Each structure stands twice: as structure tokens, then as C-alpha cells.
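Next come the chains, spelled out residue by residue.
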Amino acid sequence: MQKETEIKLRVSRETLQALREHPLLKKRNKSGWQRHELFNQYFDTPQRDLAQAKVALRLRRDGDTYIQTLKSRGQSVAGLSERNEWDWYLDKPKLDPKQLTDDCWPASLATLDKKTLKPIFTTDFVREKAEIAWGRGKSRVVVEAALDLGKVTAGKQSEEICELELELRQGEPEALLELAAELAADLALMPCDISKAERGYRLHDPQSYALGLPAAQLDPTMPLDEAVAALGWQLLGNSQRLAEQYRFNGHWSLLGDWLQQLVDLRALLGSLGQAAPRASSRELREALDALIGDWRPQLESGQDDEAVRQAAPKRFAEELGQIRWGLFSLNASRWLLQRGWMQGRNERGNRQGAAELGKWLPRQLGEEAEALQLPRYKQQPEDLDEQLPRMERLLVWLRLARQTLELPEVDRLYGELAKLHALAALPRSEESLGARAEQAHTVWTLKAWKALTR
Ligand SMILES: O=P(O)(O)OP(=O)(O)OP(=O)(O)O
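Remember, predicted model here, so these are calculated numbers, not experimental data. Each residue is numbered by its place in its chain's sequence as written, counting from 1. Local features in a predicted model are, by the rule used here, given only for residues with pLDDT of at least 70; side-chain atom pairs are given and counted only at 80 or more, and totals for whole chains, interfaces and linings are based on all residues. To get the side-chain values, all heavy atoms of the structure are used, and hydrogens and water are removed first.

S.K.: Explain the overall build of the chain to me, using residue names and the numbers behind them.
M.R.: Check the secondary structure of the chain and you find 17 helices and ten strands. Our radius of gyration looks at C-alpha atoms and nothing else; its globule reference is 2.2 Å times the residue count to the power 0.38. Its C-alpha atoms give the chain a radius of gyration of 24 Å, within 12% of the compact-globule value 22 Å for 454 residues. In terms of overall dimensions, the chain has a C-alpha envelope of 80 × 50 × 45 Å along the principal axes. Evaluated residue by residue, the chain yields a buried proportion of 52% over its 454 residues. Every residue pair with non-hydrogen atoms within 4.5 Å of one another is taken to be in contact. Considering only contacts within the chain whose residues lie at least 6 apart along the sequence, 71% involve residues at least 24 apart. Of the accessible surface of the chain, which amounts to about 21,300 Å², a share of 48% is contributed by carbon and sulfur atoms. The averaged location of the 68 negative side-chain charges in the chain is 2 Å from the averaged location of its 66 positive side-chain charges. Only DSSP runs of H or I covering at least 4 residues are called helices, and only runs of E covering at least 2 are called strands; the numbering of each starts at the N terminus. Only protein chains enter the calculation, and the probe is 1.4 Å; a residue is then buried if its accessible area is under 20% of its type maximum, exposed if over 50%, and partly exposed in between. Computed by Shrake-Rupley with a 1.4 Å probe, the accessible areas treat only the displayed protein chains as cover when residues are assessed. As used throughout, the charge tally considers Lys and Arg to be positive and Asp and Glu to be negative, leaving His and the chain termini uncounted. Working definition for charges: the position is that of NZ of Lys, CZ of Arg, CG of Asp or CD of Glu.

Pasting the structure below:
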């Protein structure tokens, strides 16, 4: 078994060509690019038992060589995916189920009749690969770079494959992100941890694509720093998956969900007080503000303007054609992997970062709730929009971590505060101002609100 640590970056055909010639890869590549034509058949049962068990089974032809591979879906950490992989070299192009023994085969599939495995989709592509090596501090990094161009085909459906894969052979995982971020400063790269197998399954069944990562596992005794890493990665990973799916199918609601992840991430960065000195997150906050500043108005105007909704996929494709999304996304991954918020932190900040989430969070929310001054906005609802960022800072934690709070009716608090936020974001009208004042009162009277502001 091998462990594969890699990052995948979707690119346009022009970018794929430009990468081949990019000085950063060229000067670190001593042996040139080798071209391989790869033909791949994936197998599963008609009920997709393998996909459910989160494994992919592939038969590959590479020249005269036939390779059977089993890959686990693995886990995704800060934009890098880690997967287990088993390879068997075969004499003929025929699946060899005997090799799929208990040491690699998922226990949940122990009773599966392997004769029911059938071809379900193919990925055929040309791979140009090169070994890229360089020194990083005192250590050496070796990465296999692959430029893949071809297509995934499932029945009558197909999708282009056009991607850069960077797979770590030696060195620290961080080096992969550094290299990717350096390339992304010049070229539009779209990081997204979606395997070719996942693309094949998506063609078969659009519902098979998971729009988000599994929810972060939080508990009240974990240090704040751990919670920040888990939530930060969840939001960034979700935003990458949503961007990919919106690019793929252009469903309007996905664009709103994508923006929501960015708003949440921005609010998370703004809510950490001394645990994240402002300088440590400045670049990311600026990048997020620029993205949110451009996309929020479009989402708002698209609510009741069909033409805006129709034009949005093209605009999004233009966004992806620029460098800013990829660069932001990769820099955010690096920041999370290196725990960038801990840099330049003072003693007090370190204590906060080490504080238990269950102790830090109620204090933090309590301070924000006090500062929101709801009684004032009951009187002056026209000014409530100035409190949108504060409400977002409250909402991100309530949305993602309220299960760690010991507050009465905390779900209700989340729901009512989200309503107040939505009202504050609406254009002012006599009707909406009345509704704001009323909703501010409702939140103010909640048991959970009272407990927070006690
Ligand atoms: O050649 P591999 O093993 O990296 O596999 P792939 O055909 O690029 O597919 P994946 O999307 O699983 O890396």
C-alpha cells in the first residue's frame, strides 16, 4: 500500500500549456516531461456499493502495462488529499478480483459478490509528467507534477479533464501548497479535491457529489486553536466544492451557498480577538472582502432578477479565469496548515488560543451580544445594517458550533438571529423597518440571548 498526498488544480487548456513552460517548474525539472496515454476503466456494482464504501476500483492501461488499482477516498486536510492506494500489475486487461483481499478491501464490503463488479465509466487522458525537485530550507522536496488532458465518460455523458496534479514524493506537505500558491500568483488555478472517479460518479448521478465536507467534530473541551483549524478548513473546503459544482451545473442556489462559506470564513477570522492578531489574517481578510464585495451585490440583485441569475455562470467562469480565487484559496489552505493565526501572538493570545472552546465561546458571544445593543436598534431599526458584520460573527459560531454551548433554546436563538440578519440586509422600507424592530425585540427576549448577556 502507498499513501498518496496530492493537490489537484483544475485549469483551462491555455493554462495547462503555460504550466509546461512555467519557469518555476522548468528550472526544477531536470528530466523533461514524459508523455503517457492512459486508458482507465472504473468498476462498481449496479447499486454503487464501492462508492458508498468510499473506494474506487480502476483498471488502467499505460502502454503495454495493465495496472489494477484500489483507492480509498481518504481524507482531505487543508486542500491536500491523503489517500491509500493499492496497485497490482496484471498480465491481461481483465479485472482480477482475487487480489482484493481483506487487507485492502473495506470490511463493509466483505460479503459483496465481486462478480457483480461491472465497468461504469472511463477516464481517458494524456498525462505529461515530470519530477520537480528543489531544496526547502535544509530539506529536499520531490514532487511529481502531472498535466492531465482528456475526458471522463459515463454512458452518453462526458466531461473534460484538464488539471494539474502535484503529488508529494519527498518532503513536507506544506511544500505542495507553497508550489501551488507560487504558480497561482501567475496562472488561474482552481484547487478542488475532487478525484477523477468522483467526476465519473457525478456524471452518472449528479446527487452523488457531496456539496460539503463532513461537519467538523467539535467538543467543548477542545482548545480554540483546534476549533479554528477544523472550522476554517470546513468552510474553505466547502467553498471549493461548491465553486466546482456551480462551475459544473450553474444552479443558482449553489452560488449563494458558496458566498455564504466566504462570509462565514470572513466572520470567523474577525471573531478571534487576540487569539489571531489582525496582522496575521490581513491578507486573507482583504482577499475575502474583495470577493464578497463583488459577489454579494450580484447575489442580492439576482434574487428578483432572472437576467442576473442567467448571466451569473458566465461571470463566475470569468472569475475562475482570473488568478484571485485560486490564489486566495491556496493561501488560505497554507494559512490553515501552518496555523498562520498563531504567528506573532502575544502571551494573552496564546492563552486564548489554548482556552477550551466551551469556556471561550460563551464569553466571546456574550461580548458580541452586549455590543450589538439590541434595545437601541428597536428604537432605530434604520441603522441596524451597520451591525451586519457583528451579527455574522455571532452567526458563524452559532451555525457551526452551537452544539458545544450550554444555552437554553440555542437553536431558536440561531434561527431568530439569522432572521434579524436577513431583515437587516434588506433594503430599508417602512415595512422592513417595522419588521426589523419587531425581530430585534424577539431576539432580545430569548432565553438564550438573556443567558449570553447576563
Ligand atoms: O494516476 P493517479 O493514480 O494519480 O490517478 P488519476 O487517474 O489522476 O485519478 P485521481 O483523480 O484519483 O488522482
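S.K.: Kindly report on helix 5 (residues 196-204), identifying the contributing residues and their values.
M.R.: When you tally the buried positions in helix 5, you get eight out of nine residues, the bulk of the element. What helix 5 keeps buried is the set Lys196, Ala197, Glu198, Arg199, Gly200, Tyr201, Arg202 and Leu203.

S.K.: Mind laying out helix 11 (residues 347-354), listing which residues take part and the relevant values?
M.R.: All of the buried residues along helix 11 are Gly349, Gln352 and Gly353. Down the axis of helix 11, the buried set is contained in an arc of 100°. They therefore lie on one face. Projecting away from the buried face of helix 11 at angles above 90 degrees are the exposed residues Glu347, Arg351 and Ala354. Against the buried residues of helix 11 lie helix 6 (224-249) and helix 12 (357-372). Our arc is simply the arc of the directions from the helix axis toward the C-beta atoms.

S.K.: Describe the nonpolar core, listing the residues and the values that go with them.
M.R.: Here, nonpolar core means buried Ala, Val, Leu, Ile, Met, Phe, Trp, Tyr and Cys residues that are tied together by side-chain atoms lying within 4.5 Å of each other. Trp258, Trp325, Phe328, Leu357, Trp397, Leu417 and Trp449 are the most contacted members of the largest nonpolar core, which has 77 residues in total. Leaving out residues up to four positions away in the same chain, Trp325 has contacts with Met190, Ser239, Gln240, Ala243, Trp258, Leu262, Leu291, Glu319 and Leu320.

S.K.: So what about the site of the ligand? Which residues, and what values?
M.R.: When we say a residue is near a molecule or strand, we mean one of its heavy atoms is within 4 Å of it. Neighbouring residues of the ligand: 13 residues in total, closest Lys8, Arg60, Arg127, Glu165 and Lys196. Two N or O atoms count as a polar contact when they lie within 3.5 Å, although within protein this holds only if one can serve as hydrogen donor and the other as acceptor, and sequence-adjacent residues are included solely when both atoms are side-chain atoms. Between the ligand and Arg60 there is a distance of 2.8 Å, counted from an oxygen atom to a side-chain nitrogen or oxygen. For the ligand, whose accessible area on its own is 340 Å², the fraction buried by protein is 96%. Where the shell around the ligand is concerned, the elements lending two or more residues are strand 1 (2-10), strand 3 (55-62) and strand 7 (118-136). The leading source of residues in the shell around the ligand is strand 1, at three residues. Of the residues belonging to the shell around the ligand, the class tally is one nonpolar, one polar and eleven charged. In the scheme used here, Gly and all other residues not listed as nonpolar or charged are polar, with Ala, Val, Leu, Ile, Met, Phe, Trp, Tyr, Cys and Pro taken as nonpolar and Asp, Glu, Lys and Arg as charged.

S.K.: Provide a residue-level description of empty space enclosed by the protein, including the pertinent values.
M.R.: A water-sized probe, rolled over the atoms, reveals where empty space remains. A cavity here means a set of 1 Å grid points, computed over protein atoms only, where a 1.4 Å probe fits but cannot escape. A pocket is an open set with protein on both sides within 12 Å along at least 5 of 7 lines, and lining residues have an atom within 4 Å of a point. Grid points are joined across faces, edges and corners, and a volume is the space filled by probe spheres set on the points. A complete count under the given rule lists one cavity of 30 Å³ or more for this structure. By volume, the largest cavity amounts to about 50 Å³. Gly232, Leu236, Leu265, Leu269, Leu284, Leu288, Phe328, Ala332, Trp335 and Leu336 are the residues that line the largest cavity. Of all elements in the fold, only helix 6, helix 7 (252-270), helix 8 (278-302) and helix 10 (324-337) reach the threshold of two or more residues within the lining of the largest cavity. Looking at which element gives the most residues to the lining of the largest cavity, the answer is helix 10, with four residues. When grouped by side-chain class, the residues that make up the lining of the largest cavity number nine nonpolar, one polar and no charged.

S.K.: Account for the pattern of salt bridges, with residues named and values stated.
M.R.: Definition used for salt bridges: Asp or Glu carboxyl oxygen within 4 Å of a side-chain nitrogen of Lys or Arg. For the structure on display, the rule yields 47 salt bridges. Note that Glu306 and Arg309 form a salt bridge whose closest N and O atoms lie 2.7 Å from each other. Of the two residues, Glu306 and Arg309 are both situated in helix 9 (residues 306-321); the distance of three residues between them amounts to about one turn of the helix. With a shortest N-O distance of 3.5 Å, Arg412 and Glu416 are connected by a salt bridge. In this pair, Arg412 and Glu416 are both assigned in helix 15 (residues 410-425), four residues apart and thus about one turn of the helix distant. Using a relative accessible area of 41% as the deciding quantity, one classes Arg412 as partly exposed. Since its relative accessible area comes to 10%, Glu416 is described here as buried.

S.K.: Provide a residue-level description of the layout of surface pockets, including the pertinent values.
M.R.: Taken as a whole, the second largest pocket holds about 720 Å³ of empty space. As for the second largest pocket, its lining consists of 25 residues, of which Gln260, Glu300, Gln303, His421 and Ala425 are closest to the centre. Mapped by element, the contributors of at least two residues to the lining of the second largest pocket are helix 7, helix 8, helix 14 (388-401) and helix 15. The leading source of residues in the lining of the second largest pocket is helix 7, at nine residues. For the lining of the second largest pocket, the residue count by class is 13 nonpolar, five polar and seven charged.

S.K.: Mind laying out the environment of Leu330, listing which residues take part and the relevant values?
M.R.: Summarising the element assignment, Leu330 is placed in helix 10. For Leu330, a relative accessible area of 1% gives the class buried. If we skip the residues at most four places from it in the chain, Leu330 touches Ile7, Leu9, Leu177, Ala180, Ala181, Ala184 and Pro191.

S.K.: Tell me about the packing of helix 8 against helix 9, residues and numbers included.
M.R.: The interhelical angle for the contact between helix 8 and helix 9, taken along N-to-C directions, is 160°, at an axis separation of 10 Å. The angle between the axes of helix 8 and helix 9 places the two elements in the roughly antiparallel class. In this structure, the crossing between helix 8 and helix 9 has a hand that is left-handed. On helix 9, the residues that touch Leu291, Trp295, Gln298, Ser301 and Gly302 of helix 8 are Val308, Arg309, Ala312, Arg315, Phe316 and Glu319. For the contact of helix 8 with helix 9, a count of residues per class yields five nonpolar, three polar and three charged. To obtain an axis, a line is fitted to C-alpha atoms, over the contacting stretch when the element is a helix, and the angle between two such axes runs from 0 to 180 degrees between their N-to-C directions. For classification, angles of less than 35 degrees are called roughly parallel, those exceeding 145 degrees roughly antiparallel, those between 65 and 115 degrees roughly perpendicular, and all remaining angles oblique. Should the near helix be turned anticlockwise from the far one by less than a right angle, the crossing is left-handed, and should it be turned clockwise, the crossing is right-handed.

S.K.: Which residues make up the pairing of strand 7, and what are the values?
M.R.: When strand 2 (residues 34-44) meets strand 7, the two strands line up antiparallel, connected through eleven bridges. Its bridge partner lying in strand 7, Asp44 is registered against Lys118. The pairing of strand 7 with strand 8 (residues 139-154) spans 15 bridges and is classified as antiparallel. In the strand pairing of strand 8, Glu128 is matched with Leu147. Should DSSP find at least two bridges between two strands, the strands are regarded as paired.

Geometric values such as these leave the question of function open.
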